Each structure stands twice: as C-alpha cells, then as structure tokens.
Amino acid sequence: WDLRSMSVIKTLTGHTGCINCATFDSGHRCLTGSSDNSLMAWDLRNLKHSKKIAAHTRPICSISYMDSLIVTSSLDLTFKIWSALDYRLYQAFSDLTSPLLDCTFGFSDDSNTKCILGVAKDGNWRMFGKPFF
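Computed from a predicted structure; not experimentally measured.

Topic: unusual backbone geometry
Right, on to step 1. The backbone phi angle of L47 is positive, close to 55 degrees, even though this residue is not glycine.
Right, on to step 2. With respect to the helices and strands, the residue L47 is situated in the loop between β3 (38-43) and β4 (48-54).
Right, on to step 3. At D67, a residue that is not glycine, the phi angle is positive and equals roughly 55 degrees.
Right, on to step 4. Assignment of secondary structure puts D67 in the loop between β5 (60-66) and β6 (69-74).

Here it is, written out as structure tokens:
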C-alpha cells in the first residue's frame, strides 16, 4: 500500500493457504507464516518472495525475529529456531503438549539471557531459555 494515496502498489502472492502471521526483520525482508505450513521470506526491495521453506507439518501460528534468529510455532506441537541469515534450522522443539499460538523473543530478568515466551492453546504460557538455545 502507498500510505499517502491509500492505493495498492503490488499484491504479493506465493502461499497456497491463508497467511496467519508476519514480521519484519531488521533489514529489507518481511517473513510470513501460513496455513500451507510454510515460512516465506519476501524481499521488499523488489517486492518478490526470495525463499519458501517447508517449515512445519501443520499450519504456522506465529513468527518472531530477533538479532539473527527467527522462531516459528505451529499447530504441529513444535516450535523451531531458524537462522535469519540463511534460513537454516538451528533447533526444533517437539515436546509440547499444546500448540504455541504465539511466541516471541525476550530477555529473562536475572541475567539478560535471551529466552522465548510462548502462549499455548491450553491457556498457559511457557518461557524457554538456556539450555534450550
């Protein structure tokens, strides 16, 4: 959208299911997660998708970006940590009993250690930190 004229500049296509979540990285990309189970990176300089990753086995619920890391969560009872540089999977966590509907990076109070906060479908929240990643 051109915010001055409120007109569409370009419609970006690539996912085969509805887009459930999106975030910007610190540079020129937008990341989207879809009910087609994929994570897609979009290059905002040329308004095209630059990478599509078969990230999960069920719909992606959330994406979060911090520094050089991406975290995704899915209805497949997993959350995964990815490299934001090359989209390589660093670590997958599959011991969840309820899907994380949203997850984000943060810091724990005690030592400024990076952690992941997730809110689950069962109504509980969980915090994951060292030694998880």
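Digging into the sheet that holds strand β8 (residues 89-93)
Right, on to step 1. The strand order across the open sheet built from 4 strands is β5-β6-β7-β8, with neighbouring strands paired in antiparallel fashion. Edge strands, defined here as strands with exactly one partner in the open sheet, are β5 and β8. Going from strand to strand, the sheet's axes swing by 15 degrees on average, the running direction of each strand aside.
Right, on to step 2. Note that strand β7 (residues 79-83) and β8 share 4 bridges and pair antiparallel.

Re the nonpolar core
Right, on to step 1. V71, F79, I81, L100, F105, I116 and F128 are the most contacted members of the largest nonpolar core, which totals 13 residues.
Right, on to step 2. Going through the elements one at a time, β6, β7, β9 (100-107) and β10 (114-120) are the ones with two or more residues in this core.
Right, on to step 3. Top contributing element to this core by residue count: β9, with 3 residues.
Right, on to step 4. Once residues lying within four places of it in the same chain are set aside, the contact partners of V71 are S62, I63, S64, F79, K80, I81, C103, F105 and I116.

Notes on a nonpolar patch on the surface
Right, on to step 1. On the surface, L101, L117, V119, W125 and M127 cluster together into a nonpolar patch covering about 480 Å² of accessible area.
Right, on to step 2. Put simply, the parts of the chain that give the nonpolar patch at least two residues each are β10 and β11 (125-128).
Right, on to step 3. The residue W125 is located in strand β11 in this model.

Some points on the side chain of R29
Right, on to step 1. Relative to the helices and strands, R29 is located in strand β2 (residues 29-34).
Right, on to step 2. Looking at R29, the relative accessible area reads 16%, which means it is buried.
Right, on to step 3. In this structure the side chain of R29 is engaged in a polar contact, spanning 2.5 Å, whose partner is the side chain of D25.
Right, on to step 4. Only 2.5 Å separates the side chain of R29 from the side chain of Y87, close enough to count as a polar contact.

What counts, and where the lines are drawn
Residues numbered from 1 in each chain as written. Predicted model: local features only at pLDDT ≥ 70, side-chain atom pairs only at ≥ 80, totals over all residues. Heavy atoms only, no water. Helix = DSSP H or I, 4+ residues; strand = E, 2+ residues; numbered from the N terminus. Pairing = 2+ DSSP bridges. Axes fitted to C-alpha atoms, helices over the stretch in contact; angles between N-to-C directions. Core = buried A, V, L, I, M, F, W, Y, C linked by side-chain atoms within 4.5 Å. Buried < 20%, exposed > 50% of the residue type's maximum accessible area, 1.4 Å probe, protein only. Contact = heavy atoms within 4.5 Å. Patch = residues over 30% accessible without salt bridge, like charges linked within 9 Å, V, L, I, M, F, W, Y side chains within 5 Å. Areas by Shrake-Rupley, 256 points an atom, 1.4 Å probe, with all protein chains shown as cover. Salt bridge = Lys/Arg side-chain N within 4 Å of Asp/Glu carboxyl O. Polar contact = N/O pair within 3.5 Å; in protein donor to acceptor, adjacent residues only side chain to side chain.

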